[in-house]
Amino acid sequence: MNKSVLVGVVFGAGIATAFGGFAGYRMLSGSEYAQVLSATPVTESVRTPRQECSDQLVTRQEPVKDKHKIAGSVIGAVAGGLLGNAIGGGGKNTAAKIAGAAAGGYAGNKTQEEMQKNDTYQTTERVCKTVVDVSERTVAYDVKYQIGDTTGEVRMDHDPGDTIRLTDGKVVIARAPAGSDVSDTQ
């Protein structure tokens, strides 16, 4: 046999043995990744209050200048007294004058009261109210995974994708900080 062929066969056999040994070691040592079966987001409601303002036309009551309605009562009493005098036949019937004055005073008082109720003005005012916006925020993921024939569940701070890295046969549940080899395992 040719010397170069013999060297090639021996070299090829050595490489095949090395690759076979490495593959056997990996099979015996287990997998480096767990298969993700499902990743369900865990959410929480976030309530964010904010002010919502608008200009609105508002009707206000004018301030009352004559709270006791004296002007209406006096004008009504005078008018009622004059009417009572006319009905009572001039200066002879005092009772008619008094009754007319009393009725006129009461009517004048009530008339002024109604006029004051209707005495309003309009103005524009800035009206604000608190509105709460509600949104959902993902805070974690409930992950079901499988390593060989064994299944498990874990809560992770991120969506792991299709696989989860294993360290010494344990699931790595948190991302390692950038530039670090340290991470949480379970």
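Before any of the text, the structure's been laid out above.
All of the points below concern the structure found in this document. (Residues numbered from 1 in each chain as written. Predicted model: local features only at pLDDT ≥ 70, side-chain atom pairs only at ≥ 80, totals over all residues. Heavy atoms only, no water.)

**Some thoughts on the sheet that holds strand β5 (residues 170–171)**
Here is step 1: In space, the five strands of this open sheet follow the order β3-β2-β1-β4-β5, with antiparallel pairing throughout. Edge positions in the open sheet fall to β3 (150–156) and β5, since each of these has one partner strand only.
Here is step 2: Sheet analysis places strand β4 (residues 163–167) next to β5, joined by two bridges and oriented antiparallel. Of the residues in β5, the one forming a bridge with T167 is K170. (Pairing = 2+ DSSP bridges. Helix = DSSP H or I, 4+ residues; strand = E, 2+ residues; numbered from the N terminus.)

**Things to note about helix α3 (residues 94–117)**
Here is step 1: Counted at 1.5 Å a residue, the expected span for α3 with its 24 residues is 34 Å, and the 35 Å between its end C-alpha atoms agrees.
Here is step 2: Within α3, the full set of buried residues consists of A96, G100, G104, G105, G108, N109, Q112 and Q116. (Expected span 1.5 Å × (residues − 1). Buried < 20%, exposed > 50% of the residue type's maximum accessible area, 1.4 Å probe, protein only.)

**Details of the pairing of strand β1 (residues 33–61)**
Here is step 1: Of the strand pairs in this sheet, β1 and β4 are connected by three bridges, and their pairing is antiparallel. Its bridge partner lying in β4, Y33 is registered against R165.

**Overview of unusual backbone geometry**
Here is step 1: With a phi angle near 55 degrees, D168 is a residue other than glycine that sits in the positive phi range.
Here is step 2: By the element assignment, D168 lies in the loop between β4 and β5.

**Notes on the pairing of strand β2 (residues 120–147)**
Residues in a regular strand project their side chains so that they alternate between the two faces of the sheet.
Here is step 1: With 26 bridges joining them, β1 and β2 adopt antiparallel strand pairing. What sits directly across from T43, in β2, is T138.
Here is step 2: The turn joining β2 and β3, which pair antiparallel and follow one another in sequence, is formed by two residues; a positive phi near 65 degrees is taken by G148.

**Details of the nonpolar core**
For soluble globular proteins, the rule of thumb is that nonpolar side chains tend to be buried together.
Here is step 1: Core analysis: the largest hydrophobic core is formed by eleven residues, namely A34, V36, Y141, V143, Y145, V154, M156, I164, L166, V171 and I173.
Here is step 2: Counting only elements with at least two residues in this core, the list comes to β1, β2, β3 and β4.
Here is step 3: Residues contacting I164, with those up to four places away along its chain left out, are E32, Y33, A34, V36, V143, Y145, M156, V171 and V172. (Core = buried A, V, L, I, M, F, W, Y, C linked by side-chain atoms within 4.5 Å. Contact = heavy atoms within 4.5 Å.)

**Re the state of the cysteines**
Here is step 1: For the structure shown, the criterion picks out one disulfide.
Here is step 2: Note on cysteine connectivity: C53 is disulfide-linked to C128, with sulfurs 2.0 Å apart. On the sign convention where negative is left-handed, the bridge of C53 and C128, at about 110 degrees about the S-S bond, is right-handed. In this pair, C53 is assigned in strand β1 and C128 in strand β2, connecting sequence segments 75 residues apart. (Disulfide = S-S within 2.5 Å.)

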